Amino acid sequence: MMKKKDLFVILAICALAGILFGGMKLIESFNTKEELGKVIYNNQILFTFDVNKNETYEFKGDYGTMHLEVQDGSFRVYDVECPNQICVGMGWLHKDDIFASIGIVCIPNQIIVVYEPEE
Amino acid sequence: MGRNKTRRLVYLTLLSAMAITINILESTYIPALPYGIRFGLANIIALITVELFGVKEMLIVNMMRVVIGNLLRGLIFGSTFWISLSGVLLSSLVLILSKKLLKLPILSMSMLSALGHSTGQVMMVMLMYNQSGMMLVIPYLLISAIPTGLLTGFTAQGALRLLKKNVRF
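Residues numbered from 1 in each chain as written. Chains lettered and ligands numbered in written order. Predicted model: local features only at pLDDT ≥ 70, side-chain atom pairs only at ≥ 80, totals over all residues.

Draft legend 1. Structural detail: the overall build of chain B. A count of helical and extended segments in chain B gives six helices and zero strands. Secondary structure elements of chain B, listed N to C terminal, follow the sequence α-α-α-α-α-α. Within the span of chain B, comprising 169 residues, buried residues form 37% of the whole. Within chain B, residue pairs in contact and separated by at least 24 positions form 70% of the contacts whose partners lie at least 6 positions apart. (Helix = DSSP H or I, 4+ residues; strand = E, 2+ residues; numbered from the N terminus. Buried ≥ 20, exposed ≤ 12 C-beta atoms within 10 Å, placed from the backbone. Contact = placed C-beta atoms within 7 Å.)

Here it is in structure tokens:
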């Protein structure tokens, strides 16, 4: 035995839930700040990059050129002029990964690629 | 007068016992769905009480359910006790408002009190654990209050029809 008022209440709850859901999505979309990773050369910041933007970067260290690739919140270095290739061997680091705050380190180039989430 | 009082006491005790039993059985044998969605079957008893006796009696039955139910499970004055207490208080408040102020039918009352129950619990969790992120769950809980509220509402409606026909209160 559903009455008319019951239908109104159902609609009202749905509307309320919709409004809340929409509001939260809206707030979320305003709150997405840039999450910047850093490329450090000789203890100085060479440049910063947005870990959410898919892009590739090229930069020079002491030994030669390096390439940084950013994709879907992960980053890696590739095509590095260096015999060791240890930094390439680190592979992809995701921004939520604990290793992202330790970073990719290249000793011959004096380069550190790191993403530190803000507290 | 004295006889009526005893009669009322006995019915309230019976209803409280049923609410406690349903509460314990549900929390033991029916696992929670994702987002902590549960049926809240004990709400059936609250609805029956509010329809048969009134607001004050419903409050008594609900409080008995939380306090004695948690006492029997050995969880009294733990964190879950406060969470369920705040849920029940908000749900009772919503039930009183929708009964006295808005004069809604029983299905609406059921849905709204289910909504109040989950909202109260989420608010208490936010307060106790400083987790404002729990807000994100509220829309899902609001939507889930519709089917679970309808389930308890229809059950209470059927039970009330039989009770009013066969039992003299």
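Draft legend 2. Spatial organisation of the interface of chain B and chain A. Each partner contributes residues to the interface: chain B has 16 residues there, and chain A has 13 residues. Sorting the residues of the side of chain B that touches chain A by element identifies α5 (106-129) and α6 (138-166) of chain B as the ones contributing at least two each. Broken down by class, the residue content of the side of chain B that touches chain A amounts to 14 nonpolar, two polar and no charged. (Nonpolar A, V, L, I, M, F, W, Y, C, P; charged D, E, K, R; others polar.)

Draft legend 3. Broad picture of the pairing of strand β3 (residues 55-60) of chain A. All names here are of chain A. Relative to strand β4 (residues 65-71), β3 runs antiparallel, the two sharing six bridges. Each residue of the ladder has a partner; that of Y57, found in β4, is L68. Counting the residues that bridge the hairpin from β3 to β4 gives four residues. (Pairing = 2+ DSSP bridges.)

Draft legend 4. Inspection of the sheet that holds β4(A) at higher detail. Strand order in the open sheet formed by four strands is β3-β4-β5-β6 (chain A), with antiparallel pairing between adjacent strands. For this open sheet the edge positions go to β3 and β6 (93-94) of chain A, each flanked by a neighbour on one side alone.

Draft legend 5. Structural context of the sheet that holds strand β8 (residues 111-114) of chain A. All names here are of chain A. The antiparallel open sheet is built from four strands, whose spatial order is β2-β1-β8-β7. Two strands lie at the open edges of the sheet, namely β2 (44-50) and β7 (104-106), each paired on one side alone. The mean angle between the axes of side-by-side strands here comes to 15 degrees, regardless of whether they run parallel or antiparallel. Where β7 and β8 come together, three bridges link them in antiparallel fashion. Bridging across to β8, I104 finds its partner in V113. (Axes fitted to C-alpha atoms, helices over the stretch in contact; angles between N-to-C directions.)

Draft legend 6. Helix α2 (residues 43-52) of chain B, seen in detail. Residue and element names in this part refer to chain B. In terms of burial, α2 is a largely internal element, eight of the 10 residues being buried. Here α2 has its buried residues at N43, I44, I45, A46, L47, I48, T49 and V50. Packing partners of the buried residues in α2 comprise α1 (2-29), α3 (55-73), α4 (79-101), α5 and α6. Taken from the residues just after α2, G54 is the one with a positive phi, measuring 150 degrees.

Any link to function would need more than the numbers given here.
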